[in-house]
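One-letter residues, chain by chain:
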Amino acid sequence: TGGVTFDEFLPWYSEAAESAKQSAEVFQGIIMSRRTVDSFDKTEIDQAVVRRAIECAIAAPVSTNPKNVPVYVAPKETGSD
């Protein structure tokens, strides 16, 4: 009849909650390991990847000292490599 008993719900919920916890822990690890990049190589990056990274940075929560930070994307150099 479309109903779900608590005994049917609990295993699903427990699995979903554990999965969410694991995802949150992975994400927290990524955030906690962020570092400033101050050296670069010549690997070309797809502009869609750059755009998604900027969108994520803009949407990231900031707990203290929120401010606008300009973002510059340097075009691929022209000339011989």
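Our subject is the structure listed above.
Since the structure is predicted, the reported quantities are computational estimates derived from the model, not experimental observations.

Draft legend 1. Fine view of the overall build of the chain. The helix and strand inventory of the chain stands at 2 helices and 0 strands. Here the chain, with 81 residues, has 1% of them falling under the buried criterion. Carbon and sulfur atoms make up 58% of the accessible area of the chain, which amounts to about 8300 Å² in all.

Draft legend 2. Broad picture of the layout of surface pockets. The computed volume of the second largest pocket comes to approximately 180 Å³. Along its surface, the second largest pocket is lined by Phe27, Ile31, Arg34, Ala53, Cys56, Ala57, Ala60 and Pro61. Only α1 (6-32) and α2 (47-59) provide two or more residues apiece to the lining of the second largest pocket. The greatest single-element share of the lining of the second largest pocket, amounting to 3 residues, is contributed by α2.

Draft legend 3. Up close: the packing of aromatic side chains. Tallied over the full model, the rule gives 2 aromatic pairs. Residues Phe9 and Trp12 carry aromatic rings whose centres are separated by 5.7 Å and whose planes lie at 45° to one another, so their mutual orientation is tilted. Taken together, the residues Phe9 and Trp12, both in helix α1 and 3 residues apart, mark about one turn of the helix. Here the aromatic rings of Phe9 and Tyr13 are separated by 5.5 Å at their centres, their planes lie at 25°, and the arrangement is stacked. Separated by 4 residues within a single helix, Phe9 and Tyr13 lie in helix α1, roughly one turn from each other.

Draft legend 4. Representation of the environment of Gln47 in the model. Looking at the element boundaries, Gln47 is found in helix α2. Placed 28 residues apart in sequence, Gln47 and Pro75 show a C-alpha to C-alpha distance of 9.9 Å.

Procedures and definitions
Starting from 1, residues in each chain are numbered consecutively following that chain's sequence as written. The predicted origin of the model limits local features to residues at a pLDDT of at least 70 and limits the giving and counting of side-chain atom pairs to 80 or more, whereas totals for whole chains, interfaces and linings rest on all residues. The basis for every side-chain value is the complete set of heavy atoms in the structure, and neither hydrogens nor water enter the calculation. Numbered from the N terminus, helices here are DSSP runs of H or I no shorter than four residues, and strands are runs of E no shorter than two. Relative accessibility decides the category of a residue: with a 1.4 Å probe and only protein chains considered, values under 20% of the type maximum give buried, values over 50% give exposed, and everything between is partly exposed. Areas reported as accessible are Shrake-Rupley estimates using a 1.4 Å probe. Residue values count occlusion only from the protein chains shown. The rule is simple: put a 1 Å grid over the protein atoms alone, call a set of points where a 1.4 Å probe fits but cannot get out a cavity, call an open set with protein on both sides within 12 Å along at least five of seven lines a pocket, and count a residue as lining if it has an atom within 4 Å of a point. Grid points are joined across faces, edges and corners, and a volume is the space filled by probe spheres set on the points. Aromatic contacts are taken between Phe, Tyr and Trp rings whose centres are within 6.5 Å, Trp giving its six-membered ring; a plane angle under 30 degrees counts as stacked, one over 60 as edge-to-face, and the others as tilted.

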